[in-house]
Amino acid sequence: MKHKMKLNIQFCGAAQTVTGSCYWVRTAASSFLVDCGMFQGTKTVKQLNYEPFPFMPEQIDFVLLTHAHIDHSGLLPKLYNAGFEGPVYMTAGTKDLLSFMLPDSGYIQEMEVKFLNQRNARHGRESVLPIFTQKEAIACQQQFQTIDYETWFEAGPGIRARYWNAGHILGSASIELEINSENQQKQTPIRLMFSGDIGPDNKLFHPDPEAPSDFDYAICESTYGGIQRQALSPDERRAVLAHHVNDTLNNDGMLVVPAFAVERTQELLVDLSILQHRQQIPQSPIFLDSPMAIRATRVFQDHADNLEDVNGPQRLLDNPNFHFTQTVGESKAINRIHSGAILVAASGMCDAGRIRHHLKHRLWRTNTTILIIGYQEKGTLGHLLLDGKKTVKIQGDDVKVNARIEQIDVYSGHADGNELVEWILSRGPLKYGLFLTHGENHRAQALRKSLLEAGFTGCDIIIPTLDDKVELHRAEKGPIFKKTSPRVQSKSLSGLDWHNDLAQFQIDLRAEFERAADDRSRQILLRRLRRALNNEA
Ligand SMILES: [Zn+2]
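Residues numbered from 1 in each chain as written. Predicted model: local features only at pLDDT ≥ 70, side-chain atom pairs only at ≥ 80, totals over all residues. Heavy atoms only, no water.

Participant: Is there a simple way to think about the pattern of salt bridges in this case?
Facilitator: When their charged atoms lie close together, side chains carrying opposite charge are able to pair. Tallying each qualifying case throughout the model produces 28 salt bridges. Between Glu267 and Arg264 there is a salt bridge, and its shortest N-O distance comes to 3.0 Å. Residue Glu267 and its partner Arg264 are both found in helix H7 (residues 264-277); the two are separated by three residues, about one turn of the helix. There is no split in this pair, since Glu267 and Arg264 are both buried. For Arg515, the salt bridge identified is with Glu512, shortest N-O distance 2.9 Å. Within this pair, Arg515 and its partner Glu512 are both found in helix H15 (residues 498-515), separated by three residues, close to a single helical turn. Each of the salt bridges in this network shares a partner with another, and the network as a whole consists of Arg160, Arg162, Glu176, Glu178 and Arg191. (Salt bridge = Lys/Arg side-chain N within 4 Å of Asp/Glu carboxyl O. Helix = DSSP H or I, 4+ residues; strand = E, 2+ residues; numbered from the N terminus. Buried < 20%, exposed > 50% of the residue type's maximum accessible area, 1.4 Å probe, protein only.)

Participant: For this particular structure, what's the right way to read the environment of Ile294?
Facilitator: Relative to the assigned elements, Ile294 resides in helix H8 (residues 291-302). For the pair Ile294 and Ala341, spaced 47 residues apart in sequence, the C-alpha to C-alpha distance is 18 Å. When sequence neighbours within four positions are dropped, the list of residues in contact with Ile294 reads Leu288, Phe324, Thr325 and Gln326. (Contact = heavy atoms within 4.5 Å.)

Participant: I'm lost on a nonpolar patch on the surface in this one. Help?
Facilitator: Judged by side-chain polarity, Trp498, Leu502 and Phe505 come together as a nonpolar surface patch covering roughly 340 Å² of accessible area. Structurally, the position occupied by Leu502 is in helix H15. Exposure remark for Leu502: the relative accessible area of 39% places this residue in the partly exposed category. (Patch = residues over 30% accessible without salt bridge, like charges linked within 9 Å, V, L, I, M, F, W, Y side chains within 5 Å. Areas by Shrake-Rupley, 256 points an atom, 1.4 Å probe, with all protein chains shown as cover.)

Participant: What exactly am I supposed to notice about the sheet that holds strand S11 (residues 215-221) here?
Facilitator: An order of S7-S8-S9-S10-S11-S20-S21 is seen for the seven strands of this open sheet, with the pairing classed as mixed. Both edges of this open sheet fall to strand S7 (153-156) and strand S21 (461-462), since each of them pairs with a single strand only. The sheet contact formed by strand S10 (residues 190-194) and S11 spans three bridges and is parallel. Bridge pairing links Phe194 to Ile219 in S11. (Pairing = 2+ DSSP bridges.)

Participant: Sorry, what's going on with the coordination of the zinc ion here?
Facilitator: Note on metal geometry: ideal angles are 109.5 degrees for four donors arranged tetrahedrally and 90 or 180 degrees for six donors arranged octahedrally. Within the protein, the zinc ion binds to His67 (NE2), His69 (ND1), His168 (NE2) and Asp197 (OD); these donor distances fall in the range 2.2 to 2.3 Å. Every donor counted, the four donor atoms about the zinc ion form angles of 90 to 165° at the centre, which fits irregular coordination. In terms of primary sequence, the donors binding the zinc ion are separated according to H-x1-H-x98-H-x28-D. Here the residue His67 occupies a position in the loop between strand S4 (62-64) and helix H2 (70-73), and His168 occupies one in the loop between strand S8 (159-165) and strand S9 (173-179), the gap between them amounting to 101 residues. The burial state of His67 is the same as that of His168; both residues are buried. (Donors = N, O, S within 2.8 Å, 3.2 Å for Na, K, Ca; no water. Tetrahedral: all angles 85-135°; square planar, octahedral: opposite > 155°, others 65-115°.)

Participant: In this structure, what is going on with the side chain of Asp271? I would like to understand it.
Facilitator: Inspection of the secondary structure puts Asp271 in helix H7. Non-local contacts of Asp271, meaning those with residues more than four positions away in its chain, are made with Arg237, Arg238, Leu241 and Tyr411.

Participant: I'm lost on the nonpolar core in this one. Help?
Facilitator: Most often, soluble globular proteins keep nonpolar side chains buried together rather than apart. The biggest cluster of nonpolar side chains holds 66 residues, and the ones touching the most others in it are Leu33, Phe55, Leu79, Leu97, Met101 and Leu241. Here this core gathers at least three residues from each of two domains, domain 1 (7-227 + 413-493) and domain 2 (234-407). The contact partners of Leu241, leaving out residues within four places of it in the chain, are Leu268, Asp271, Leu272, Leu275, Leu371, Ile408 and Tyr411. Listed in part, the 31 residues of the second largest apolar core include Phe32, Tyr163, Ile190 and Phe435. (Core = buried A, V, L, I, M, F, W, Y, C linked by side-chain atoms within 4.5 Å. Domains from an automatic or database assignment.)

Participant: Help me out: how do you make sense of the domain arrangement of the protein chain in this one?
Facilitator: The accessible area lost on association of the parts is a frequent measure of interface size. In terms of domain boundaries, the protein chain breaks down into domain 1 (7-227 + 413-493) and domain 2 (234-407). Summarising the inter-unit geometry, the C-alpha centres of domain 1 and domain 2 are found 29 Å apart. Residue-level contacts link 27 residues of domain 1 with 25 residues of domain 2. Contact with domain 2 buries surface across domain 1, with Phe100, Leu204 and Phe205 losing the most and accounting together for 33% of the total. Along the contact surface separating domain 1 from domain 2 lie three salt bridges. Residues Lys203 and Glu263 are paired through a salt bridge, measuring 2.5 Å at the closest nitrogen-oxygen approach. Looking at the side of domain 1 that touches domain 2 residue by residue, the class counts come to 12 nonpolar, 10 polar and five charged. (Buried area = accessible area lost by both parts, 1.4 Å probe. Nonpolar A, V, L, I, M, F, W, Y, C, P; charged D, E, K, R; others polar.)

Participant: Mind showing me how you'd approach the sheet that holds strand S12 (residues 254-258) here?
Facilitator: Within a sheet, neighbouring strands are paired by backbone hydrogen bonds and run either parallel or antiparallel to one another. In spatial order, the strands read S14-S13-S15-S12-S16-S19; together these six strands make up an open sheet with parallel pairing. Across the chains shown, the open sheet's two edge strands, defined by having one partner strand only, are strand S14 (322-324) and strand S19 (404-407). Going across the sheet, the axis of each strand differs from the next one's by a mean of 20°, ignoring polarity. When strand S13 (residues 286-289) meets strand S15 (residues 341-345), the two strands line up parallel, connected through four bridges. (Axes fitted to C-alpha atoms, helices over the stretch in contact; angles between N-to-C directions.)

Participant: Help me understand helix H11 (residues 355-362) in this model?
Facilitator: Every α-helix carries 3.6 residues per turn, so stepping three or four residues along brings you back to the same face. Within the span of H11, buried status applies to Ile355, Arg356, His358, Leu359 and Arg362. Buried residues in H11, looked at end-on, bunch into an arc of 160°, giving them a common side. (Arc of directions from axis to C-beta.)

Participant: Mind showing me how you'd approach a negative patch on the surface here?
Facilitator: Taken together, the side chains of Glu150, Asp201, Asp208, Glu210, Glu308 and Glu422 define an acidic patch exposed on the protein surface. By the element assignment, Glu422 lies in helix H13 (residues 417-426). (Lys, Arg positive; Asp, Glu negative; His and termini not counted. Charge placed at Lys NZ, Arg CZ, Asp CG, Glu CD.)

Participant: Is there a simple way to think about the pairing of strand S18 (residues 397-400) in this case?
Facilitator: Along any regular strand, the residues point their side chains to alternate faces of the sheet. Where strand S17 (residues 391-394) and S18 come together, four bridges link them in antiparallel fashion. When the sheet's bridge partners are listed, Ile394 is paired in S18 with Asp397. Here S17 hands over to S18 after two residues, with Gln395 in that stretch at a positive phi of 50°.

Written as structure tokens, this is what we have:
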């Protein structure tokens, strides 16, 4: 008898880590992805972006995209280059954001690879290719198809999908699926829910997340599992921001905010505008130095009809203190300003973009405050700063950190632990399995604990590891794990890697030599190090 393929899901990313969201779903009649995201973080994690997909791209029929963030969408151009020819379904907001986010990501990779190859050439190493180019990121968009919220559509044979507002960023969605694994009408479909990234309640611009209930299986993010954020009113949130702005500007300082270009930047601009309008902070110039954030701001204006708190977005460009700097020349000119201004630049984790040259230029100054407002993945420059590092490496140079590093958690685009529990309980009953993904292992474990404490019952709570494959049934026994060989162990996706350790060791080593009493003791230290190296070998 021919074996009939059941419903399979493979967790090809965001398993015990936050980035690289990608679920490969297969039935006898269809093979598709939910998200196709890029891995971000340490070099070990990012290496996965260069390796082949754990599936055959030309055999994928379609992609269901939850939202525009690069860790959910960033490998779509690579999928297209590798032979994928089907449609990518998304909301109109997501499509508009991706129209510049993906080309921008391609451009950043071309630039990074250009610098890397110059270094590789000097070191006699082979050159590398970018994951994809700006041109390829533009070409893949011909496959993008928009769909409306709360409207069923036939995505493939036996597969119906419906998108729900996830309240996370413009266009973000949770995806409800009904799957007939053998595409037979008489069969009761398996009901699935993919959370995507879920926004907090009372978020600027968006209504609270919503979705239906009663599923066989749910796959839910756990980014902030176990973390309880204080609920703040909009005025309380602005007061937190005003405190840091005043503290810096009133002391002849410069406030630098590494900001995620999409949504976090627009929220910040709205609040800064309101605070200046109410004279609660000085009328200082505010530089937005990110071409991508400037384009994102325009998309927000185009979508103003569908956003809450619209008075803000419509007034976004009206503040005479705003300076949007497009060109590299304009960006560099900001270096001449030493105090009395606010500078907002991408990327949010300081691992790419113009923020890096600003940090190189300002981290060593005592009158600078770096205000961190978003999630920082381990191994990124933003995380190293939060960690209190006294020297960091930027573009190959050691830079002293004399600036004040401050963090506020009032602009999160993610639900906190309680809101995640609330969202999951509202999807119930969940009959056969709940998978917690998109969170470090300890966050997913914390969310499981909170769920059990809140009285969650009915099915197992599973925390899959990278490349785990499960077969889903409508039966008490729940999901059945299949044998796979993971590309890397989930363990090595979290925490720092040897590249981080080596960079830190080099910084410590130099400091040790500078501290030494005289050249004689430096020579002794050098001899001891050489001996240690030779012995090890
Ligand atoms: Zn997201």
